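# What the coordinates show
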Amino acid sequence: MSQTRAVVASAKATSSGPLLEVRDLKVWFPIRRGLLGQTVGFVKAVDGVSFDIKPRSTLGLVGESGCGKTTVGRSILRLIPPTAGQIRFQGEDFLAYHGQELRKLRRRMQIVFQDPVSSLNPRMTVGNIIGEPLEVHGIARGEEKSRKVADLLATVGLDPTYASRYPHEFSGGQRQRIGIARALSLSPDLIVCDEPVSALDVSIQSQILNLLDDLQKQHGIAYLFIAHNLAVVEHFSDEAAVMYLGRIVEKAESRELYKNPKHPYTVALLSAVPEPNPRPTKRRIVLPGEVPSPSNPPTGCPFHPRCPLTRTCAAQASAQETVNISVAGQVARVMSKCVESMPTLEVKNNRADHVAACWFS
Amino acid sequence: MTKPDVATRNSKPLLEVVGLSIGFETNRGLLRPVRDVSFSIYPGQTLALVGESGCGKSVTSLSILRLIPEPPGKVLSGQVLFEGRDLLTLSQRDMRSVRGKDIAMIFQEPMTSLNPVYSIGDQIVEAVMLHQKVTLDQAMNIAEDALHDVGIADPRRRLSEYPHQMSGGMRQRVMIAMALSCQPRVLIADEPTTALDVTIQAQILELLRKLQRDRGMSILLITHDLGVVAENADVVAVMYASRIVEVATVEDLFDRPQHPYTEGLLRSVPKLGEEAERLVTIPGTVPNPAKFPVGCKFHPRCARSRELAAKSPPQDVVTINDAGKPLNIMKRCTTAEPGLGEVLPTHWAACHFIEGHAKATLSLPELDHRREVQAETIAPEVIA
């Protein structure tokens, strides 16, 4: 145990390489049909996602429902087994670990869930919820455990005497604090925050975001911050990645992404966020149609049926370069290239850390 | 900053809620989720009712259409006037002809508010035939037009589909089509886009704005999202713990918030493109309707009361227990509940410590105002 601690400490001290490296991650769920349950296809929930998370930093993962952002978060913790790809944690191949060793490594990565009600066992006291990981990993028992639990409660801004209470006695924001205390109990290096504030009231969200921020500064934790609220992600992340239908379509340093978005989906997503300003300055881009089903994605660039940019380009292009498609009952002229082949992530704006997957941006 | 035009129109309010109080009989006694709520909506106006969970905004909207279950619910006092007629005194039969026809409602959950065992067409036709003297064929045509108006492709075929065959955004469109099929004068939209993704939210809000422009209907928009409020409302009423604490035009509310709760709320939301190291927060938790604080219900969380207490003589200050820690606030906040007073011209707020609150007249907020700048949208075809 003390050995692991030493490893953790040294890892935190040297912050050169990435903490987590994800390469070409794929999570496919089989679609089974018929009496024998034959696999007739796959839902490609995550299809070739790569990113790094540096120690003590935050990567924001944004996207709409069904884009695969939650599946990414869960599969890097191996709560959902990845179909293919590589996950390296502090340089070690995480997917090669099994049994006891996997468990040991897992204590260094934790998760905070969206729903603070269903993610806490209603029949356990708060002290047991937070203390259970300590016992399971053989870190503390009895007196020492209680002392640690009291410390953790104080760290997340709750009264240490709450340890004997049950989850139903708390409000949503307080329950989320309990969930965060549980994730902190094993002093992890990485916490996956899966929509940690979206179920909370507006006045409580900022409290939790500030708490997560403080914890990062004090304990040197890295976050994978999954959210659909772009303003929250911009505020909270060092780097942000936008997902659409199981793929990252754009990734950049957070400010850069918001100032100079390159992918037309990012542009539309940013414009769609209502601004708290009674005299709105920006014009909303209303995308036609809906997010397609990942079991039957469009050919070529998966965004082409809704893409404003390909329409603009098609309006100026010659007839042989374009093709007509039908979207939400209307015919649209788009570039053939977008329908035929899938763009890969390429460097944009001459910045090595800004990549987007679009033929025409 | 120009002063919004008020009192230039002389139309009458279409819907007025006057001094509405609602009680719920529970085994822990009478809960009062809505107290003394008053507001008025003018023809073609959008009034946003903003607040957090448990503040009473949804109970208020349900009680306008008398949809709260009685018992345990009960209207303790107040009136809901639609074109001068008090809906609370109507018979059930008369009320049925108001619901859907004069005032329609759409809900947050498009999944649970549609009946899964009837086709979309059956559900719209039912509403149409209840309120209009038409044949089944005519009703089907009205339903088809309604689906077309909300931007659903191939409406004839969609009529025979069932809710589970549609996506969330599509179901919300169906809900809106159903609500609008009888040309209501007022639409109550209770968190209409909360369950939807941002790009779909943008579609639905644009649709509501367009329908309002075309038909001149009034909208009561209930939401917790300040961005949605800022871009869609003409007038805003902020609710906190069962009461309205501030009413103003949308421009006034965002430019010059008067109540410390509104102020805190506006400052605590992260804004796109704004560089802020740390978010401003409102301390404490949203109060539970079973145990609202006495006096001003916001006092345990109020920054203004704390600041004032730090520079006031001891006899004006009281120490309260803030989650185990002592906290000094103004004594007045814990003894008397402030009324909603007109603290600035056409700007109402309920706080003892707004300059002019003591002298303000406790009048009913009436604001015939339309927003200065409309939110603009671009369809993809015209993007340069």
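Residue numbers run consecutively from 1 along every chain, following the written order of its sequence. Here every chain gets a letter starting at A, and every ligand a number starting at 1, in the order they are written. Local features in this predicted model are restricted to residues of pLDDT 70 or higher, and side-chain atom pairs are both shown and tallied only at a pLDDT of 80 or more, whereas totals for entire chains, interfaces and linings draw on every residue.

The next thing to look at is the overall build of chain B. Per the convention used, a helix needs a DSSP run of H or I reaching at least four residues, while a strand needs a run of E reaching at least two, with both numbered from the N terminus. Looking only at helices and strands, one finds twelve helices and 15 strands in chain B. Compactness check: chain B gives a C-alpha radius of gyration of 22 Å against a globular reference of 21 Å for 384 residues, within 12% of the reference. When its C-alpha atoms are laid out on the principal axes, chain B stretches across 75 × 55 × 45 Å. Taking all contacts inside chain B whose residues are at least 6 apart in sequence as the whole, residues at least 24 apart take part in 64%. Only C-alpha atoms enter the radius of gyration; for comparison, a globular chain is expected to reach 2.2 Å times N to the power 0.38, where N is the number of residues. Residues are treated as contacting if the C-beta atoms built from their backbones sit within 7 Å of each other.

This part takes up the pairing of strand 10 (residues 247–253) of chain A. Residues and elements named next belong to chain A. In terms of burial, strand 10 is a largely internal element, six of the seven residues being buried. Across six bridges, the pairing between strand 9 (residues 239–244) and strand 10 is antiparallel. Pairing of Val242 across the sheet is with Glu250, part of strand 10. Only strands that DSSP links by at least two bridges are regarded as paired with each other. Between strand 9 and strand 10, which pair antiparallel one after the other, the connecting turn spans two residues, and Leu245 there sits at a positive phi close to 45 degrees. Bridge analysis of strand 10 against strand 15 (residues 351–356) gives two bridges, and the strand direction is antiparallel. Across the sheet, Glu250 pairs through a bridge with Ala356, a residue of strand 15. Comment: burial labels come from other C-beta atoms within 10 Å of the residue's own C-beta, placed from the backbone, where a count of 20 or more is buried, 12 or fewer is exposed, and between is partly exposed.

Another aspect to go through is the sheet that holds strand 5 (residues 92–93) of chain A. All names here are of chain A. Strand order in the open sheet formed by four strands is 2-1-4-5, and the pairing between neighbours is antiparallel. Of all strands in the sheet, those with a lone pairing partner are strand 2 (38–53) and strand 5, marking the two edges. Examined bridge by bridge, strand 4 (residues 84–89) and strand 5 share two bridges and lie antiparallel to one another. When the bridges of strand 5 are listed, Phe89 appears paired with Glu92. In this analysis, axes come from line fits to C-alpha atoms, helices being fitted only over the stretch in contact, and the angle between any two N-to-C directions falls in the range 0 to 180 degrees. Against the sheet, helix 2 (residues 69–76) engages strand 1 (20–33), strand 2 and strand 4, with an angle of about 110 degrees to strand 1.

Three- or four-residue spacings in an α-helix give side chains the same orientation, since the helix completes a turn every 3.6 residues. How far a helix is expected to stretch is found by multiplying one less than its residue total by 1.5 Å. The end-to-end C-alpha separation of helix 7 (residues 198–215) of chain B is 26 Å, in line with the 26 Å expected for 18 residues at 1.5 Å each. Here helix 7 of chain B has its buried residues at B:Val198, B:Thr199, B:Ile200, B:Gln201, B:Ala202, B:Gln203, B:Ile204, B:Leu205 and B:Leu208. On its buried face, helix 7 of chain B is in contact with helix 10 (264–272) and strand 11 (284–285) of chain A together with helix 6 (168–180), strand 7 (186–190), strand 8 (218–223) and helix 8 (226–232) of chain B.

What follows covers unusual backbone geometry. The omega torsion across B:Glu70 and B:Pro71 is -20 degrees, close enough to zero to call that bond cis. By secondary structure assignment, the location of B:Pro71 is in the loop between helix 1 (57–64) and strand 4 (73–82). With phi around 50 degrees, A:Asp24 is a residue other than glycine that occupies positive phi space. Within the secondary structure, A:Asp24 is located in strand 1. The residue A:Arg56 is not glycine, and still its phi comes out positive at about 60 degrees.

This part is about the confidence of the model for chain B. Predicted coordinates in areas of low pLDDT are best not read in detail. Residue and element names in this part refer to chain B. The pLDDT score gives, residue by residue, the confidence of the prediction method on a 0 to 100 scale. Residues with a pLDDT of 70 or more make up 96% of chain B, whose mean pLDDT is 87. Low pLDDT, under 50, characterises residues 1–8; the stretch is placed with ten contacts to residues that sit more than four places away or in other chains. As a predicted assembly, this complex carries a pTM of 0.85 together with an ipTM value of 0.80.

Residue and element names in this part refer to chain B. Pairing is antiparallel in the open sheet, where four strands are placed in the order 2-1-4-5. Each having just a single partner strand, strand 2 (29–41) and strand 5 (85–86) make up the two edges of the open sheet. Sheet analysis places strand 1 (residues 15–26) next to strand 2, joined by eight bridges and oriented antiparallel. In the sheet register, Ile22 faces strand 2, and the bridge partner there is Val34.

Linking buried Ala, Val, Leu, Ile, Met, Phe, Trp, Tyr and Cys residues through C-beta atoms within 7 Å yields a set, and such a set is a nonpolar core. Counting 202 residues, the largest nonpolar core has A:Leu224, A:Phe225 and B:Val236 as its most contacted members. It is helix 6 of chain B that provides the largest number of residues to this core, a total of eight residues. With sequence-adjacent residues up to four places away left out, A:Leu224 is seen in contact with A:Ile53, A:Leu59, A:Leu61, A:Gly73, A:Leu190, A:Val192 and A:Cys193.

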